[in-house]
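These are the residues of each chain, in order.
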Amino acid sequence: MGWGIRGRLLHASCLLWLTLLVMGPAMGAGAADERVLVLGDSLSAAYNMPTESGWVAQLSERLGPEGRVINAAISGETTAGARARLPAALERHEPSIVIIALGGNDGLRGISPVAMRDNLLAMIERSRAAGARVLLAGVRLPANYGTAFIERFRQVYRDVAERTGVRLIPMLLDGVAEDPSLMQSDGIHPNAKAQPIILQTVWSGLAPLLESDPEGSPAD
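From a predicted model like this one, the values you see are computed outputs, not experimental measurements.

Concerning the pattern of salt bridges
Counted under the stated rule, the structure contains four salt bridges. The residue E77 makes a salt bridge to R85 at a minimum N-O spacing of 2.6 Å. Of the residues examined, E77 reaches a relative accessible area of 10% and is grouped as buried. Judged by its relative accessible area of 28%, R85 is partly exposed. D118 serves as the salt-bridge partner of R117, at 2.9 Å between the closest nitrogen and oxygen. Take R117: its relative accessible area is 28%, and that puts it in the partly exposed class.

Some points on helix 2 (residues 55-63)
Along helix 2, the residues classified as buried are W55, V56, Q58, L59 and L63. Along the axis of helix 2, the buried positions cluster into a sector of 155°, meaning they face one direction only. The positive-phi residue at the C-terminal boundary of helix 2 is G64, with phi of around 85°.

Focus: the nonpolar core
Inside soluble globular proteins, nonpolar side chains tend to come together where they are buried. The biggest cluster of nonpolar side chains holds 57 residues, and the ones touching the most others in it are L59, I99, I100, L120 and L172. The element contributing the most residues to this core is helix 6 (residues 147-164), with seven residues. Beyond its immediate sequence surroundings of up to four residues, L172 is in contact with L43, S44, A101, A137, G138, V139, I198, T201 and V202.

With respect to the sheet that holds strand 1 (residues 35-40)
Here we have five strands laid out as an open sheet, ordered 2-1-3-4-5, and parallel in their pairing. Of all strands in the sheet, those bounded by a partner on one side alone are strand 2 (68-71) and strand 5 (167-169). Mean inter-strand twist for the sheet, computed between neighbouring axes without regard to direction, equals 20°. Two elements, strand 1 and strand 2, share four bridges in a ladder whose sense is parallel. Its bridge partner being in strand 2, V38 is matched across the sheet by N71.

Calculation notes
Residues numbered from 1 in each chain as written. Predicted model: local features only at pLDDT ≥ 70, side-chain atom pairs only at ≥ 80, totals over all residues. Heavy atoms only, no water. Salt bridge = Lys/Arg side-chain N within 4 Å of Asp/Glu carboxyl O. Buried < 20%, exposed > 50% of the residue type's maximum accessible area, 1.4 Å probe, protein only. Helix = DSSP H or I, 4+ residues; strand = E, 2+ residues; numbered from the N terminus. Arc of directions from axis to C-beta. Core = buried A, V, L, I, M, F, W, Y, C linked by side-chain atoms within 4.5 Å. Contact = heavy atoms within 4.5 Å. Pairing = 2+ DSSP bridges. Axes fitted to C-alpha atoms, helices over the stretch in contact; angles between N-to-C directions.

Okay, structure coming up:
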């Protein structure tokens, strides 16, 4: 009889082990309970197209029912404007991940790259203090802004990423901005056909952050 009890205990342990083995990948997969806050401008606000066609809406579909995406992008937004809005957004939505895709309007308005850098640093610090992981996406400026200014502008993203250790997407419109067929007639905003490409670019930076720690490193 004693062996029977031990046998039953062994059987129960095996069942538990098998259950954890089967459930383990599902429990650790993807976007369970992730809340993603997108801070952006018109490139993320589905400018001149239906909202559901934009890459942010498509990201929501990709994450599925267990994830939630809050699109806080506003056309014309600057890093200073987003910095001012961020505390209330963090308090209201309690995101686990914050995507910062800003800077284009700073550059177009000739705002100092130093001010832009300080705003990005402040947003990253505030997001992390709220327990969120951060993904930073760089944007481009038109060629007529001059090589020197464009390089200073691009360097801001690299400097911020190096200083904070956040994951960086060097260019949000990678593979899009160079193709006129994927851009609207103004040459600045991507069209609806470009949105899945932008989503894939964002996903390449976002996927490693899903279920990782607030510093942006994969969880152990």
